[in-house]
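Structural description and commentary
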Amino acid sequence: MASIQKVAKGWRVQVMVDGQRDSRTFDTKAAAMAWSAQRETELRSIANGSGSKTLTVGDVLKEYELKVSPTKRGARWEKLRLPLIGSRVIGGRKFGDIKLADLRPGHIAAWRDARMREVSGASTSREMSLMSHAFLVARKEWGWLVTNPMAEVKRPPDPPGRERLISQEEIDSLLTSMGYEEGLPIEKPMQRVAVAFLFAIETAMRSSEILNLTASSVNYQGKFARLPMTKNGTARNVPLSSRAIKLLKMLPAVTKGESLFALSASSRDALFRKARDRSQIPDVTFHDTRHEAITRLAKKLQPLDLARMTGHRNISELMTYYNATATDIAGRLG
């Protein structure tokens with residue numbers, strides 16, 4: 001039985017069949033009535049244990065975007081990716097137009113192969129993880145699917161881990177390109193990028209963590225920076241060396257709640273790329289500072305201390321960033 005009511009944002013319709021309930025708001029009453037008729041048919045199919053016969057992959061992706069993505073920290077990325085997933089053309093029709101009742105592992109494998117011709121295997125795998133969770137929610141919570149259509153589909157192989165370190169010669173060249181000189185005032189945005197670059201090498205902090213630092217999040221007396229939210233969803237305190245503190249104090253003064261570096265992620269990225277190109281070091285990225293920093297810090301800190309500083313809950317994950325060469329290790333053997 002459907003219930004349609006006029007609300008501030010349009011027409012709200014609610015349907016319920018055998019204890020299964022769903023609702024949505026539409027701009028017009030006609031659209032609400034059309035949806036309620038289709039949704040009642042869907043819920044009857046689900047109640048009979050046959051899954052959805054009329055809903056499509058696109059319906060799953062859209063519903064996930066509306067109901068699930070907003071609850072996640074990666075909502076912005078998902079809202080961009082979900083429409084792209086559905087728009088890929090497979091066998092002469094859009095992937096999003098395939099009915100759930102007709103969806104087979106072969107469709108997803110064809111989507112994977114087409115996507116890998118456009119982006120890296122790692123990017124394809126991330127999008128497949130998003131798609132997989134959308135299908136999982138559709139199956140377990142919404143009853144739209146009876147089986148998991150991705151169970152038999154292979155993911156692209158993991159790419160080899162990046163082992164890029166930054167030599168002192170490259171660091172000096174990049175700093176010169178950024179107009180940075182030790183002891184001189186920091187006045188331009190490019191120079192603030194240089195300080196962020198050096199600070200990242202000193203602390204192993206991610207770019208986003210550095211750019212979000214404020215005057216109130218740094219405890220100079222206690223020698224640590226407080227990160228209220230990190231990539232793994234928890235807070236952590238990052239120990240600061242004397243050099244790291246000196247770098248922060250080079251920056252122009254800001255009020256208590258303002259960003260110390262006064263840089264957006266996009267401007268930091270653009271300025272770093274510009275300096276990198278001027279230095280003719282095409283294969284270095286800002287994130288390589290994390291590899292360089294962890295490799296350096298591993299010579300000073302015990303593994304547990306290093307994991308605590310970098311925010312790794314699993315010590316084995318540090319191996320992703322610890323990239324000391326065999327020659328370096330041999331030198332410490334004597």
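What you are looking at is a predicted structure, and each value in this text was computed from that prediction instead of being measured. (Residues numbered from 1 in each chain as written. Predicted model: local features only at pLDDT ≥ 70, side-chain atom pairs only at ≥ 80, totals over all residues. Heavy atoms only, no water.)

1. What to know about the pattern of salt bridges
Summed over all chains, the structure comprises 17 salt bridges. We note a salt bridge from Arg81 to Glu127, for which the minimum N-O separation is 3.4 Å. On the criterion of sequence distance, the pair formed by Arg81 in helix α3 (residues 75-87) and Glu127 in helix α5 (residues 121-140) is long-range, its members being 46 residues apart. Residues Arg115 and Glu118 are paired through a salt bridge, measuring 2.8 Å at the closest nitrogen-oxygen approach. Among the residues examined, Glu118 registers a relative accessible area of 46% and is labelled partly exposed. Residues participating in the shared-partner salt-bridge network are Arg81, Arg88, Arg115, Glu118 and Glu127. (Salt bridge = Lys/Arg side-chain N within 4 Å of Asp/Glu carboxyl O. Helix = DSSP H or I, 4+ residues; strand = E, 2+ residues; numbered from the N terminus. Buried < 20%, exposed > 50% of the residue type's maximum accessible area, 1.4 Å probe, protein only.)

2. Let's talk about helix α6 (residues 168-177)
When α6 is considered as a whole, its buried residues turn out to be Glu170, Ile171, Leu174, Leu175 and Ser177. An end-on view of α6 places all buried positions within 160° of arc, on one side of the element. Away from the buried face of α6 by more than 90 degrees, exposed residues Glu169 and Thr176 are located. Tucked into the core, α6 has its buried residues touching α7 (189-203), α10 (265-279) and α11 (288-297). Looking one or two places after α6, you find Gly179, whose phi comes out positive at around 75°. (Arc of directions from axis to C-beta. Contact = heavy atoms within 4.5 Å.)

3. Regarding the sheet that holds strand β6 (residues 218-219)
The three strands are arranged β6-β7-β8 in an open sheet whose pairing can be described as antiparallel. On the outer flanks of this sheet lie β6 and β8 (236-239), each paired with one strand and no other. Relative to strand β7 (residues 224-227), β6 runs antiparallel, the two sharing two bridges. What sits directly across from Asn219, in β7, is Phe224. (Pairing = 2+ DSSP bridges.)

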